Amino acid sequence: MGREVAESCVDGVIIEMVSAYCKRFYGTKPELAARRIEAIGYQVGHQLIERYTMERPRFSDHLEAIKFICKDFWSELFKKQIDNLKTNHRGTFVLQDNRFQWLTHISIDPSSDNSEATEDPSVSMPENKAAEATSTHLYFPCGIIRGALSNLGIPCAVSADISNLPACSFVVRVKA
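Since the model is a prediction, treat every value here as computed from it, not as a measurement. (Residues numbered from 1 in each chain as written. Predicted model: local features only at pLDDT ≥ 70, side-chain atom pairs only at ≥ 80, totals over all residues. Heavy atoms only, no water.)

A.B. asks: With reference to specific residues and values, describe the side chain of Asp97.
C.D. replies: Turning to its location among the elements, Asp97 is positioned in strand β2 (residues 92-97). A distance of 3.0 Å separates a polar atom in the side chain of Asp97 from a polar atom in the side chain of Trp74. Leaving out residues up to four positions away in the same chain, Asp97 has contacts with Trp74, Lys80, Ile82, Asp83, Pro166, Ala167 and Cys168. (Helix = DSSP H or I, 4+ residues; strand = E, 2+ residues; numbered from the N terminus. Polar contact = N/O pair within 3.5 Å; in protein donor to acceptor, adjacent residues only side chain to side chain. Contact = heavy atoms within 4.5 Å.)

This is how it looks when you write it as structure tokens:
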């Protein structure tokens, strides 16, 4: 019987980790916070994929490994499969999750709304703050995917795109 942790505990830990790195540890250097959060995700993904593929033979190609991530690995993490997988068959894969669990509980502080319109582009508008706050929570899962694929022998870059919360797309670009 495998060990399981309550989803709310995992959600809380991730929210607190992102908050700690973005506000306390690297408050003035958001790019360092992003790299550190992604690096933690990388380690988690690297170790988890080792556990989940222990009894499996190696994958024969990139597509087979990506399909494993979308079906089996994602099911282990989120109790559901990726909703959609697209590829250009040249090393780019788009993994679409229409209800990404770690984005369902994110809300934006309404007190941060800027009710006065401004022409100054350096002033963050509420939509930009919301997108920025949400995107910081995606460094960790991007790292998980990159770490898992790296352990499977697939060096890649992973980025995330938020189109309509809580939907999220992860873009995997395999390095040649």
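Okay, back to it.
A.B. asks: How would you sum up the nonpolar core? Please name residues and give values.
C.D. replies: Core analysis: the biggest nonpolar cluster contains 40 residues, and Leu95, Phe100, Leu149, Phe170 and Val172 have the highest contact counts within it. Residue assignment for this core shows that the elements contributing at least two residues are α1 (7-25), α2 (30-52), α3 (62-78), β2, α5 (139-151), β3 (156-161) and β4 (168-174). For this core, the element with the most residues is α3, which contributes eight residues. The contacts of Leu149, once residues within four sequence positions are left out, are Ile66, Ile69, Ile154, Cys156 and Val172. (Core = buried A, V, L, I, M, F, W, Y, C linked by side-chain atoms within 4.5 Å. Buried < 20%, exposed > 50% of the residue type's maximum accessible area, 1.4 Å probe, protein only.)

A.B. asks: I'd love a proper account of the pattern of salt bridges, names of residues and values included.
C.D. replies: Two side chains with opposite charge may pair up if their charged atoms get near one another. On inspection of all chains with the given rule, the structure shows four salt bridges. Its salt-bridge partner being Glu16, residue Arg24 comes within 3.8 Å of it at the nearest N-O pair. Residue classification places Glu16 among the partly exposed positions, given a relative accessible area of 47%. For Arg146, the salt bridge is made with Glu38, and the minimal N-O distance between the two is 2.6 Å. Taken together, the residues Arg146 in helix α5 and Glu38 in helix α2 connect sequence positions 108 residues apart. Its relative accessible area of 16% is what places Glu38 among the buried residues. Salt bridges sharing common partners tie together Lys80, Asp83 and Asp97. (Salt bridge = Lys/Arg side-chain N within 4 Å of Asp/Glu carboxyl O.)

A.B. asks: Describe the sheet that holds β4, with residues and values.
C.D. replies: Strand order in the open sheet formed by four strands is β1-β2-β4-β3, and the pairing between neighbours is antiparallel. Two strands close off the open sheet at either side, each with one partner strand: β1 (84-87) and β3. The sheet shows a mean angle of 20° between the axes of neighbouring strands, direction not considered. Running at roughly 15° to β2, α3 makes contact with β1, β2 and β4 of the sheet. Sheet strands touched by α5: β3 and β4. Its angle to β3, the strand with the most contacts, is close to 155°. (Pairing = 2+ DSSP bridges. Axes fitted to C-alpha atoms, helices over the stretch in contact; angles between N-to-C directions.)

A.B. asks: Talk me through the pairing of β2; I want residue IDs and the actual numbers.
C.D. replies: Sheet topology places β1 next to β2; four bridges connect them, and they run antiparallel. Counterpart to Asn84 in the pairing with β2 is Gln96. Linking β1 to β2, which pair antiparallel, is a turn of four residues; within it His89 sits at a positive phi near 60°. Taken together, the six bridges between β2 and β4 define a ladder with antiparallel strand orientation. In the strand pairing of β4, Val94 is matched with Val171.

A.B. asks: Could you give an account of α1, naming the residues involved and the relevant values?
C.D. replies: Every α-helical turn comprises 3.6 residues, leaving residues that sit three or four positions apart pointing alike. Taking 1.5 Å of rise per residue, 19 residues should cover 27 Å, and α1 covers 26 Å from first to last C-alpha, within 8% of that figure. Along α1, the residues that are buried comprise Asp11, Ile14, Met17, Val18, Ala20 and Tyr21. (Expected span 1.5 Å × (residues − 1).)

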